[in-house]
Amino acid sequence: MYKVRLWSVKHARGMERFYNAINPAIVGTLKLKNRLFGTRFDGAVTALEAKGKALFFDCKMCGNCVLSSTGMSCPMNCPKTIRNGPCGGVRENGHCEVKPEMRCVWVAAWDGASRMEKGDAIRSVQFAVDNRSKGQSSWLRLARDE
Amino acid sequence: MSDGHTQFEDYGSNPGDPLPMLPDHVSHGRFERVLRARHFAITTEIAPPDSADPDEVLRRAALFDGHVDAINATDGSGANCHMSSLAVCAILTRVGYSPIIQISCRDRNRIAVQGDVLGAAALGVCSVLCLSGDDVSVGDHPEAKPVFDLDSVSLLSTIRTLRDENRFLSGRPLDHAPRLFMGASINPFAPPLANRVHQFAKQVAAGAQFVQSQYCFDIAMARDFMARSRDLGLTEQCHVLMGVGVLASAKTAKWLRSAIPGVHIPDAIIRRLEQAERPKAEGRAIAIELMQQLAEIEGISGVHLMAYKQEEWIGEIVTQSGVLKGRKPWAAPHPLIPGAPSPATVN
Ligand code: SF4
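Draft legend 1. Inspection of the overall build of chain A at higher detail. In terms of helices and strands, chain A carries five helices and zero strands. Ordered by position from N to C terminus, the α and β elements of chain A give α-α-α-α-α. Scaling as 2.2 N^0.38, a compact globule of 146 residues should have a C-alpha radius of gyration of about 15 Å, and chain A matches this with 16 Å. Each of the 146 residues in chain A was classed as buried or not, and the buried ones make up 50%. Accessible area of chain A: about 7,500 Å², with a carbon and sulfur share of 60%. Here chain A contributes 24 positively and 13 negatively charged side chains, and the mean placements of these two sets differ by 4 Å.

Draft legend 2. Expanded view of the interface of chain B and chain A. Listed by partner, the interface residues are 30 residues for chain B and 28 residues for chain A. For the chain B and chain A pair, buried surface summed over both sides reaches about 2,300 Å², with 55% attributable to carbon and sulfur atoms. Inspection of the chain B/chain A interface yields zero salt bridges. At the junction of chain B and chain A, the tally comes to 14 residue pairs in polar contact (both at pLDDT 80 or more). Within the residue set of the side of chain B that touches chain A, elements represented by two or more residues are helix 5 (152-164) and helix 6 (196-205) of chain B. Here the element with the most residues in the side of chain B that touches chain A is helix 6 of chain B; it accounts for five residues. Looking at the side of chain B that touches chain A residue by residue, the class counts come to eleven nonpolar, twelve polar and seven charged.

Draft legend 3. Looking closely at the packing of helix 2 (residues 54-62) of chain B against helix 3 (residues 85-94) of chain B. Residues and elements named next belong to chain B. Closest axis-to-axis distance for the helix 2/helix 3 pair is 10 Å, and the angle between their directions is 70°. Viewed along their axes, helix 2 and helix 3 adopt a mutual orientation that is roughly perpendicular. Here the hand of the crossing between helix 2 and helix 3 comes out right-handed. Two secondary-structure elements touch here, helix 2 through Pro54, Val57, Leu58 and Ala61 and helix 3 through Val88, Ile91 and Leu92. Grouping the constituent residues of the contact of helix 2 with helix 3 by class yields seven nonpolar, no polar and no charged.

Draft legend 4. Spotlight on the nonpolar core. In terms of nonpolar packing, the biggest core is built from 94 residues, with Ile42, Tyr97, Phe200, Met242, Ile265 and Leu294 of chain B touching the most fellow members. When sequence neighbours within four positions are dropped, the list of residues in contact with Ile42 of chain B reads His67, Val68, Asp69, Ala70, Met291, Val303, Leu305, Val318, Val323 and Leu324 of chain B.

Draft legend 5. Inspection of the confidence of the model for chain A at higher detail. With 99% of its residues at a pLDDT of 70 or more, chain A has an overall mean of 95. Looking at the elements of chain A, mean pLDDT is at its lowest for helix 5 (residues 138-145) of chain A, recorded as 88, and at its highest for helix 4 (residues 105-115) of chain A, recorded as 98.

Draft legend 6. How the structure looks around the pattern of salt bridges. Residue and element names in this part refer to chain A. Applying the stated criterion across every chain yields a total of 27 salt bridges over all chains. The partner of Lys33 in a salt bridge is Asp42, and the shortest N-O contact between them spans 2.7 Å. Both residues of the pair, Lys33 and Asp42, belong to the buried class. In this structure, the salt-bridge partner of Asp111 is Arg103, at a minimum N-O distance of 3.1 Å. Several salt bridges share partner residues, and in doing so they unite Arg13, Arg17 and Glu117 into one network.

Draft legend 7. Fine view of the pairing of strand 1 (residues 41-46) of chain B. Residues and elements named next belong to chain B. Of all six residues in strand 1, five are buried, a share of seventy percent or more. Pairing geometry for strand 1 and strand 8 (residues 300-306), over four bridges, is parallel. Bridge pairing links Thr44 to Leu305 in strand 8. Relative to strand 2 (residues 70-73), strand 1 runs parallel, the two being bridged by four bridges. Residue Thr43 lies in a different strand from strand 2, and its bridge partner there is Ala70. Handedness of the strand 1-helix 2-strand 2 crossover: right-handed.

Draft legend 8. Summary view of the layout of surface pockets. Residues and elements named next belong to chain A. Counted as a void, the second largest pocket has a volume near 480 Å³. Tyr19, Lys53, Phe57, Leu67 and Trp139 are the residues nearest the centre of the second largest pocket, which is lined by 20 residues in total. Looking at the lining of the second largest pocket, the elements with two or more residues in it are helix 2 (12-37), helix 3 (42-57) and helix 5. The biggest single contributor to the lining of the second largest pocket is helix 3, with six residues. Taken together, the residues that form the lining of the second largest pocket break down as 13 nonpolar, four polar and three charged.

Draft legend 9. Focus on the pairing of strand 8 of chain B. Residue and element names in this part refer to chain B. Within strand 8, seven of the seven residues are buried, which leaves it mostly tucked inside the rest of the structure. Pairing of strand 7 (residues 239-245) with strand 8, which is carried by six bridges, proceeds in the parallel orientation. Residue pairing in the sheet places Met242 in a bridge with Val303 of strand 8.

Draft legend 10. Spatial organisation of the sheet that holds strand 3 (residues 99-104) of chain B. All names here are of chain B. As summarised here, the arrangement of the eight strands in space is 1-2-3-4-5-6-7-8, forming a closed barrel in which the pairing is parallel. Here the strands of the sheet are splayed against their neighbours by 30° on average, with no regard to which way each runs. Where strand 2 lies against strand 3, three bridges are found, and the strand directions are parallel. Looking at the pairing, Asn72 lines up with Ile100 of strand 3. In this fold helix 5 packs onto strand 3, strand 4 (127-131) and strand 5 (181-186), with an angle of close to 150° to the strand it touches most, strand 4.

Draft legend 11. Region of the structure containing a nonpolar patch on the surface. Taken together, the side chains of Leu32, Leu36, Phe37 and Phe41 of chain A present a nonpolar region at the surface, about 410 Å² in accessible area. Taking relative accessible area as the criterion, Phe37 of chain A reaches 41% and is therefore assigned partly exposed.

Draft legend 12. Representation of the confidence of the model for chain B within the structure. Per-residue pLDDT for chain B averages 93, and the proportion of residues at 70 or more is 93%. Here the prediction assigns the complex a pTM of 0.95, and the interface score ipTM is 0.95.

Thresholds, definitions, all that
- Residues numbered from 1 in each chain as written.
- Chains lettered and ligands numbered in written order.
- Predicted model: local features only at pLDDT ≥ 70, side-chain atom pairs only at ≥ 80, totals over all residues.
- Heavy atoms only, no water.
- Helix = DSSP H or I, 4+ residues; strand = E, 2+ residues; numbered from the N terminus.
- Rg over C-alpha atoms; globule rule 2.2 N^0.38 Å.
- Buried < 20%, exposed > 50% of the residue type's maximum accessible area, 1.4 Å probe, protein only.
- Areas by Shrake-Rupley, 256 points an atom, 1.4 Å probe, with all protein chains shown as cover.
- Lys, Arg positive; Asp, Glu negative; His and termini not counted.
- Charge placed at Lys NZ, Arg CZ, Asp CG, Glu CD.
- Contact = heavy atoms within 4.5 Å.
- Buried area = accessible area lost by both parts, 1.4 Å probe.
- Salt bridge = Lys/Arg side-chain N within 4 Å of Asp/Glu carboxyl O.
- Polar contact = N/O pair within 3.5 Å; in protein donor to acceptor, adjacent residues only side chain to side chain.
- Nonpolar A, V, L, I, M, F, W, Y, C, P; charged D, E, K, R; others polar.
- Axes fitted to C-alpha atoms, helices over the stretch in contact; angles between N-to-C directions.
- Parallel < 35°, antiparallel > 145°, perpendicular 65-115°, else oblique.
- Left-handed = near helix turned anticlockwise from the far one by under 90°.
- Core = buried A, V, L, I, M, F, W, Y, C linked by side-chain atoms within 4.5 Å.
- pLDDT = per-residue confidence, 0-100.
- Pairing = 2+ DSSP bridges.
- Right-handed = clockwise from strand over helix to strand, strands pointing away.
- 1 Å grid on protein atoms, 1.4 Å probe; cavity = no way out; pocket = protein on both sides within 12 Å on 5 of 7 lines; lining within 4 Å.
- Points joined across faces, edges and corners; volume = space filled by probe spheres on them.
- Patch = residues over 30% accessible without salt bridge, like charges linked within 9 Å, V, L, I, M, F, W, Y side chains within 5 Å.

Next up, the structure:
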C-alpha cells in the first residue's frame, strides 16, 4: 500500500533495527524447516514473505531483495525499475516523472537511507535483476545459501 | 591542417578510418583525445530523421562542421520513433565524424544491448552514452512494452565488462573487445539535490569517463554541484560537460519547464526572454553567457549544446562564446552532400 510504503521509508531506521533483530530467527527457523521437511512448506513461506513485504513495501517479489541498500524503498516500484536511481526526470516536488501522483521511489530511497545506520549501502552499485529469481523467496535463498 | 591541432586530425586518406590509439586511451576516438588533452570540449545533439535517407543525416551533421567535438545520436528520445542511433552513428563514422551513440535501456534487453555495443564499435563508434531512457508513456507509442532490463548504471557496468574483461555478461569470451569511451547523463538540477553527487559517484564507479548534463540554466546550482563533485574527487576521474540549451522564446521555456520533468529554468531567464525585443537572439545570448560562465567553473571540461530546431546557430554560438579559445574542431574535409545548408550567421 502506497501510504504504508511511505511510512516504512520514514521509519527506515526502525525497520532496519527490526529486520536485523528478527532476521537471524527467520533464517534459523527456515534452516530447521529445510532440514526437517526439505522443500515442503516453501510455497507457504514464499506466500507469507510476499504478503508481509507487499504490505510494508509494495514488494514485487523480484527475488533480488535490496531493501537494506535502498533506504527501505523498493526499487521495483519505479516505473523504469531502476536499481541505481533516480533518473533525471524527478519533478520539482520530488514526485515521479511517469506517475506524477507518486513520490519518486529513489527520492524516498535516499531519504530513507539517510535515516538508517547502514544507509551508506545505497552508494554501492547494484546490478540488474536476475529475472530467473522472480517470485522466489529471498528468505529461503538466505537460508539455503548460508 | 597546419593550425597546430593535428593531434585531433590525423586521419589517413579515408576520414572514416579509426585514429591510432594513444597510450592510456580506451578508444580510438577524437572526442576522448580532446578531453584527455584538457581542451574545453563542445558536444551537441543530432536530431535523427524520420526517414530512411542517409543524406538527411549528413545534411544535419554538416551544420556542426568545425564547431563541435562530438555529436550525440539520440536513441528514441522522448520515447518517439526515429532512425536508430546505431544507424545514425554508422553513417557519421563512415565519413569521419565523431558520434556518441546513445543507448537507452527502454527498448532493449541485455542480449540486444551487448550485440549493439559490439556492432557500434565495429562500425567505428568510439563513444557511448548510457541512459535509462524516457518512459514509453510520454512518447508516440504509449502502448509499447517498456523493457528496462538494465538501468543506466548496470548498462555502464555491462559495457565495461565487454571492454575491460573481454567477455559477455554470461562469461563467454570476446575475440575483440569494443574500444569505447563511456559516458552517462547527470541532472544536478532535479531532486534529490543533495544526493545527485552520490548518484554521479555511482556512475563513475560503474565506469563513466564523461558525463553530460540536463539543461543548466542555473549557474549557482552548477557551481554547488561541481564543488561537491570536486570534494569527492570525481572531476579527476570523469569529464563533466554541462548541458546548455538554446531557448527560442519565453513560451518554449515555459513549455519545457512544465512539460519535461527534470528541467529547471529560473524565472529570471523567462523574464529576460519575455522582455526581449528579439527573443530568439536573446535565447542565443543567454546560451553564450552560460557557456562562458560554465567554462570558468573548476572541473567543467566542456558543454553539451542542445539547440533543437536551431541547429544552424550552433556555429555562431560557439564562435561568439569564445570558449574554444581559437581551437577549431574537426570539419569534414570536403562537402559531403551537395546543396547542404550552411550555418546561419548574424547579418
Ligand atoms: S522519477 Fe523516480 S520513480 Fe519515477 S521513473 Fe524516475 S527514478 Fe523511477
